[in-house]
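# Survey of secondary and tertiary structure
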Amino acid sequence: MSDAAQVKALDDRCPRCGGAFHCGVSDAGPCACTTVTLSAALQAQLRERWSGCLCVSCLATLAGGAELEPGAQATRST
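Residues numbered from 1 in each chain as written. Predicted model: local features only at pLDDT ≥ 70, side-chain atom pairs only at ≥ 80, totals over all residues. Heavy atoms only, no water.

This part takes up the overall build of the protein chain. When its secondary structure is counted, the protein chain shows three helices and two strands. For the protein chain, the N- to C-terminal ordering of α and β elements is α-β-β-α-α. Relative to its full complement of 78 residues, the protein chain shows a buried share of 22%. The long-range share in the protein chain, meaning contacts at least 24 apart out of those at least 6 apart in sequence, stands at 47%. Roughly 5500 Å² of accessible area belongs to the protein chain as shown, and the carbon and sulfur atoms make up 53% of that amount. (Helix = DSSP H or I, 4+ residues; strand = E, 2+ residues; numbered from the N terminus. Buried < 20%, exposed > 50% of the residue type's maximum accessible area, 1.4 Å probe, protein only. Contact = heavy atoms within 4.5 Å. Areas by Shrake-Rupley, 256 points an atom, 1.4 Å probe, with all protein chains shown as cover.)

Take the nonpolar core next. Residues Cys14, Leu38, Leu46, Leu54 and Leu59 are the most contacted members of the largest nonpolar core, which totals 13 residues. Listing elements by their share of this core, those giving two or more residues are helix 2 (40-49) and helix 3 (56-63). Ranked by residues supplied to this core, first place goes to helix 3 with three residues. With residues near it in sequence (within four places) discarded, Leu38 still touches Gln43, Leu46, Leu59 and Ala63. (Core = buried A, V, L, I, M, F, W, Y, C linked by side-chain atoms within 4.5 Å.)

Another point: helix 3. Within the span of helix 3, buried status applies to Cys58, Leu59 and Leu62. Projected down its long axis, helix 3 shows its buried positions confined to an angular sector of 100 degrees, all on one face. Elements in contact with the buried residues of helix 3: helix 2. Phi turns positive, to about 110 degrees, at Gly65, one or two residues after helix 3. (Arc of directions from axis to C-beta.)

Shown next, in the form of structure tokens:
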């Protein structure tokens, strides 16, 4: 693998939070995201909204019931 390809592999950005992360889909071992359980409905929502991977932190937050957009609950008017 070229140096440029290695940098790209380590330079993933979460489309939800914008944070840098390493997607392990091509790694020899299982990706860290396999430790997060998402409902089929949430998986479908994620596929509709984003085409790429999200960071493990966002996946865990979403699995816990958070809104798809970060801060969405905090910015709603009451």
